[in-house]
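Commentary on secondary and tertiary structure
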Amino acid sequence: MYKFVLKRLLQLIPVIIGVTFIVFFIMNLAPGDPAAIILGDQATAEALAMKREELGLNDPLLVRYFNYMKNLLRGDMGTSYKNNIPVWNQVIDRLPNTAILAVAGIFIALLFGIPIGILSAKKQYSLLDNISMVAALIGVSMPNFWSGLLLVMLFSLTLGWLPSQGMGSGGVIPVLRSIILPSLTLGINSMAMVARMTRSSMLEVIRQDYISTAQAKGLNDHVITTQHMLRNALIPIITAVGLQFGHLLGGAMLAETVFSWPGLGRLMVDSIKSRDIPMVLGCVVFMATMFSIVNLIVDIVYAFVDPRIKSMYKKGN
Amino acid sequence: MSELLLDIKDLSIIYSTEDGVVRALNKANLQLHKGESLGLVGETGAGKTTLARGIMRLIPNPPGKITNGEIIYEGKDLLKLKDKEMRQLRGRKISMIFQDPMTSLNPVMTAGDQIREVILTHDPGLSKKEGRKKAEDMLEMVGINASRYDDYPHQFSGGMKQRVVIAIALACNPTLLIADEPTTALDVTIQAQVLEMIHDLKEKNNTAMLLITHDLGVVAQNCDRVAIIYAGEIVEYGTLRQVYKNILHPYTEGLFGSVPSLDTTSKRLNAIDGMMPDPTQLPKGCKFADRCKFAEKRCLENEPELIERADGHKVRCFRYEQEG
Amino acid sequence: MEENRNINETVPVKKQRSLWDEAWRRFKKNKTAMGGLIYLSILVVVAISTTVIDWVTKNQVYKQYIIKQDLLHRLKGPSAQHIFGQDEFGRDIFLRMLWGTRYSLFMGALAIIFALIIGGFLGALAGYYGKRVDAVIMRAMDILLAIPSMLLATAIVAALGTSLVNVLIAIGIAYIPTFARTVRASVLTVKDRDFIEAARAIGCDDSEIIFKYIVMNALAPIIVQATLGLAGAILSIAGLSFLGLGIQPPTPEWGAMLSNARTYIRDAWHVTVMPGLGIMLTILSLNLMGDGLRDALDPKLKN
């Protein structure tokens, strides 16, 4: 098993290299002279030329990429064009805020999505099933920035229960209060998706022969559902959850904008608007790495749940 | 004759589908005696599995529904039992082996745990450890080393999996074992082994068996009685000797005609022409009429009853009406 | 010989036709999916007719009703005259939404077609040739997939700048790996079937086999994926515009309309609710259709 984890960790390296290269390449397509962005319109031609040399912009793309990666390994992602603060520090500052949101979003998705899916599948075509599946379909179809705005209208403006902007400070309670709406916003799509996945996965499993075997053993319904159905149905759901996490990171930009949440997503949007390329690059590299690591974790969990995969690795395959 | 264990009376089962109501089983009658083996033979889609699942009350509902009949088991009508009482019978008194061993075992549970589960369910007084011991004994009994208790189903071959399934089915010493084509999915060489093992175990414990198959050879080797099922109806029923030596129903005759034989000189097999009627639109008269070479006018109009001849041999055909 | 070849070629095609008929029959039975299809058809009609109106009137209607401000009636709620109310510049929200249909629908469709062509081509190559080609293409796709699609699209727009075409390219690129995977998977499942062997045996060359047989047979999952992908693309366009990185105001794109609405969320609910509802219903009908298509094209999956 250790071997497998190690192997997957090693596989992460080319992915991260590839991701950084693609993003680095895309960002270099950006029109405009970074030196001009830093120094402003009044800068002289010599000053611009010097700045370009300093930033290494005269080197070929591959050399610059190589230098970027070399620096990245030392935790250096360059400095922001906007405020001259190292990108690394700013990104690391914001990272936990986005991570909290994403984890809370996934938590909400699983907490409600899986039970709803199970109930729907067990009572297929019932009123409960129909209502929850219509709700789930609507949930999948709502743009999250819109559901965020609706939540703000309801819970902040109308009812006045929860804050609509920013991250609370001074104790756990204010922080928790401020996190509810953004994480719900982020989680609604995934919740609906998980509910739908769970239902179809359960329905798939319900028809399997081993469920007949379990019934023929005289087991009660509860044992059949939890021990036999759910454990098998979870396997595809785990994969879906990993993918949802990526969806969540993308959605974080929108949710963070709606709620003025001080996370990576908002930092990225702001940086794009001020053409702060190193900062955008830093944000994308970090989020993509986060996503890759989550997928790695998903793969490992997967192997633990599904003995077929586990024994495949034991054989050293 | 030994005591009656199972008496199925006029059992009808339907499935409601988009294409109409499938009349999968139509007033089926069947008797099984203690310790005996009954072979249930018929084509695919004749209602064999439906009948088996019906006895277990495991007809998926919806779309399936038992619309008529009684299943008298040890004097009680199974269809009148509460769900909980039925659950207590399943796995303990009546067990079932499903067709495909490859998919009959839960892939995320060890083989041993799946055996132990049935043991502990019906004997809650046992500790987990005692349960494990018993499950290991069961494994040994079906010829699998107890050390493989912790292996998962995918680590076993098809034949081994079917042994595990059999161990699950027999773990609580049931009085009735329903085996739904237990060997169809296995290699020919393994088939014989598995059947022999089932036979030995059932003899040892005096378990009655309902063996579902489309293989008349298997029936001849393993069963005391035979029932032939066609389009959801039992068309012939009798002891092995009665049915094999004195074929009454034209359909049974057709079935035997399609088995290759070493001691006849015929050049080709006599397959039955035509197909089984669409179960959503069963014909009015005898279901076999349009494939039957003896079909007369009344066969198309009236439904023949199951007639019992003097020796107990039963047949559903007008040709034997007068004698009955 | 020539005759034999024709017989062989017609076999899968004929099978195909009845398969589509059968699928359409099943799809028609599915009321919610049909509802989605009808709603989408209406949207397409709206998108086309507004475009035609603009073209015929040389943008007169557009200038007069869609972007002309009426500051006296800012943020007025729904009324008989303006059924969805008026926005922060007094413009009719309903009309703006009608005019905005084309951005979501056509740009989404173009982005998906772009992704489908490139992704489909790469996937078909990978699936058909296997080995090295497969390894190289699919590793590249894995890397693209390692970047969440919305993030990738945003990064591309950030680099290229915000214009209609760039948004289109950005979203198109983000969906390439999805289609590459779908097509590759379908190709792999049909590749070894007998009729491909037969086609090879009668001397069809590679490109003929790929397009005539494999792509035709892989069409079902691609259609489903394209429908669901279109939903995703429309959401991404709206999202980018909401962030101010997509289509810019005063163009009446739905996401851009919402972006402005945020400022007035305290004063006027309809400015937020209406455009969002428009997006949601569109996505919903696409999802309904996607589900319906999947059930219709692959009855095995239906419960």
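Coordinates for the structure precede this section.
These notes cover the structure that comes with them.

As a further point, take the overall build of chain B. Of regular secondary structure, chain B possesses 11 helices and 12 strands. Compactness check: chain B gives a C-alpha radius of gyration of 21 Å against a globular reference of 20 Å for 324 residues, within 12% of the reference. Partitioning the contacts of chain B with sequence separation of at least 6, the portion at a separation of at least 24 is 65%.

Let us look at the overall build of chain A. The helix and strand tally for chain A stands at 13 helices and 0 strands. Overall, chain A shows an N-to-C arrangement of helices and strands of α-α-α-α-α-α-α-α-α-α-α-α-α. Here the C-alpha coordinates of chain A stretch approximately 85 × 60 × 35 Å along the principal axes. Relative to its full complement of 317 residues, chain A shows a buried share of 43%. Of the contacts formed within chain A by residues at least 6 apart in sequence, a portion of 72% connects residues at least 24 apart.

You'll often see interface size given as the accessible area lost when the parts meet. Taken together, the contact pairs 26 residues of chain B with 20 residues of chain A. Those elements that place two or more of their residues in the side of chain B that touches chain A are α2 (83–89), β6 (94–97), α3 (101–104), α4 (111–122) and α6 (158–170) of chain B. In terms of residue count, α4(B) provides more of the side of chain B that touches chain A than any other element does, 4 residues in total.

Now for the environment of B:Ala24. All names here are of chain B. Relative to the helices and strands, Ala 24 is located in strand β2 (residues 20–33). Using a count of 24 C-beta atoms within 10 Å as the deciding quantity, one classes Ala 24 as buried. Sequence-distant contacts of Ala 24, that is, excluding residues within four places in its chain, are made with Ile 13, Ile 14, Tyr 15, Gly 47, Thr 50, Gly 232 and Pro 279.

All names here are of chain B. The sheet built from 4 strands is open, its strands ordered β2-β1-β4-β5 with antiparallel pairing. The sheet terminates laterally at β2 and β5 (76–77), the two strands that pair on one side only. Across 10 bridges, the pairing between strand β1 (residues 4–17) and β2 is antiparallel. Paired with Ile 8 across the two strands is Leu 30, which belongs to β2.

This brings us to the interface of chain C and chain A. Taken together, the contact pairs 36 residues of chain C with 41 residues of chain A. Elements with a minimum of two residues in the side of chain C that touches chain A: α5 (131–145), α6 (149–160), α10 (219–242) and α12 (269–297) of chain C. Tallying contributions element by element places α6(C) first for the side of chain C that touches chain A, with 9 residues. Here the residues of the side of chain C that touches chain A are counted per class, giving 24 nonpolar, 9 polar and 3 charged.

Further remarks concern the packing of helix α9 (residues 209–216) of chain A against helix α10 (residues 221–259) of chain A. All names here are of chain A. Two elements in contact, α9 and α10, have axes whose closest approach is 10 Å; the angle formed by their N-to-C orientations is 150 degrees. The angle between the axes of α9 and α10 places the two elements in the roughly antiparallel class. As for the relative orientation of α9 and α10, their crossing is right-handed in sense. Residue-level contacts link Tyr 210, Ile 211, Ala 214 and Gln 215 of α9 to Ile 224, His 228 and Met 229 of α10. Residue composition of the contact of α9 with α10, by class: 5 nonpolar, 2 polar and no charged.

Moving on, we get to the sheet that holds strand β8 (residues 208–213) of chain B. Residues and elements named next belong to chain B. Strands sit in the order β6-β7-β8-β3-β9-β10-β12-β11 across an open sheet of 8 strands; the sheet is mixed. The open sheet is flanked by β6 and β11 (307–308), the only strands paired with a single partner. Examined bridge by bridge, strand β7 (residues 176–180) and β8 share 5 bridges and lie parallel to one another. Bridging from a neighbouring strand, Leu 176 pairs with Ala 208 of β8.

The next thing to look at is the packing of helix α6 (residues 127–141) of chain A against α12(C). Viewed as axis vectors pointing N to C, α6(A) and α12(C) meet at an angle of 120 degrees, and their least axial separation amounts to 8 Å. Compared by their axis directions, α6(A) and α12(C) come out oblique. Here α6(A) runs over α12(C); the crossing is right-handed. Mapping the contact onto sequence places A:Leu137, A:Ile138, A:Val140 and A:Ser141 in α6(A) and C:Met280, C:Ile283, C:Leu284 and C:Asn287 in α12(C). In terms of residue class, the contact of α6(A) with α12(C) is built from 6 nonpolar, 2 polar and no charged.

Analysis parameters
Residues numbered from 1 in each chain as written. Chains lettered and ligands numbered in written order. Predicted model: local features only at pLDDT ≥ 70, side-chain atom pairs only at ≥ 80, totals over all residues. Helix = DSSP H or I, 4+ residues; strand = E, 2+ residues; numbered from the N terminus. Rg over C-alpha atoms; globule rule 2.2 N^0.38 Å. Contact = placed C-beta atoms within 7 Å. Buried ≥ 20, exposed ≤ 12 C-beta atoms within 10 Å, placed from the backbone. Pairing = 2+ DSSP bridges. Nonpolar A, V, L, I, M, F, W, Y, C, P; charged D, E, K, R; others polar. Axes fitted to C-alpha atoms, helices over the stretch in contact; angles between N-to-C directions. Parallel < 35°, antiparallel > 145°, perpendicular 65-115°, else oblique. Left-handed = near helix turned anticlockwise from the far one by under 90°.

So far we have only geometry, and geometry alone does not tell us how the molecule works.
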